[in-house]
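Now for the letters of each chain:
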Amino acid sequence: LSSLRDILRPLLGEKLLTLPTISQVTGISPRTLQRHLRASGTSFTQVVNQLKFESACCLMTESELSLGEISSQLGYSTPGHFHRAFKRWTGRTPQSFRHSQ
């Protein structure tokens with residue numbers, strides 16, 4: 001699971017960050033990859049979302065990037081999508097999180 005996270009982390013902003021694409025990169029069939037993730041108690045979507053959350057928190061606390069730039073770096077089509085995802089993860093808006101840090 002940690003090696004998958006290492007593969008995914010630099011690809012977070014890519015539009016083609018999908019299970020089939022990552023399957024090709026790793027040389028593991030999509031089905032086998034899904035089985036491994038399920039055995040670890042997670043899913044591809046959960047791993048990607050967790051990485052996006054961790055990256056968002058890091059970027060908001062350690063950089064001067066705007067929320068729009070962070071949204072774009074993480075692969076969200078609009079800042080609004082990022083805002084909703086962040087609020088779903090934390091119960092807080094990205095702005096309130098950033099100002100509390």
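Keep in mind that what you see is a predicted model, and the values were worked out from it rather than measured.

Thresholds, definitions, all that
- Residues numbered from 1 in each chain as written.
- Predicted model: local features only at pLDDT ≥ 70, side-chain atom pairs only at ≥ 80, totals over all residues.
- Heavy atoms only, no water.
- Helix = DSSP H or I, 4+ residues; strand = E, 2+ residues; numbered from the N terminus.
- Buried < 20%, exposed > 50% of the residue type's maximum accessible area, 1.4 Å probe, protein only.
- Polar contact = N/O pair within 3.5 Å; in protein donor to acceptor, adjacent residues only side chain to side chain.
- Axes fitted to C-alpha atoms, helices over the stretch in contact; angles between N-to-C directions.
- Parallel < 35°, antiparallel > 145°, perpendicular 65-115°, else oblique.
- Contact = heavy atoms within 4.5 Å.
- Nonpolar A, V, L, I, M, F, W, Y, C, P; charged D, E, K, R; others polar.
- Phe/Tyr/Trp six-rings, centres within 6.5 Å; stacked < 30°, edge-to-face > 60°.
- Lys NZ or Arg CZ within 6 Å of the ring centre and 35° of its normal.

### Some words on the environment of Thr-61
- Positionally, Thr-61 belongs in helix H4 (residues 44-62).
- Owing to a relative accessible area of 37%, Thr-61 belongs among the partly exposed residues under this scheme.
- Along the backbone, Thr-61 and Phe-97 are 36 residues apart, and their C-alpha atoms lie at a distance of 8.9 Å.
- Within polar-contact distance, the side chain of Thr-61 engages the backbone oxygen of Cys-57 at 2.9 Å.

### Digging into the packing of helix H2 (residues 19-26) against helix H3 (residues 30-39)
- Between H2 and H3, the least distance of the axes is 9 Å, while the angle of their chain directions is 95°. The pairing of H2 with H3 is recorded here as roughly perpendicular in orientation. Residues Leu-19, Pro-20, Ile-22 and Ser-23 of H2 form the contact with H3, whose own contacting residues are Pro-30, Leu-33 and Gln-34.
- Here the contact of H2 with H3 is built from residues that sort into 5 nonpolar, 2 polar and no charged.

### Looking at the packing of aromatic side chains
- Throughout the structure, instances matching the rule amount to 6 aromatic pairs.
- Relative to Trp-89, the ring of Phe-86 lies with its centre 6.1 Å away and its plane at 70°, an arrangement referred to as edge-to-face. Here Phe-86 and its partner Trp-89 are both found in helix H6 (residues 79-90), 3 residues apart, which amounts to about one turn of the helix.
- By relative accessible area, Trp-89 is classed as partly exposed at 24%.
- Ring pairs connect the aromatic residues Phe-53, Tyr-76, Phe-82, Phe-86, Trp-89 and Phe-97, which therefore count as one cluster.
- The ring of Tyr-76 has Lys-52 lying over it, and the distance from NZ or CZ to the ring centre is 4.5 Å.

Everything listed here is a matter of geometry and, on its own, says nothing about what the molecule does.
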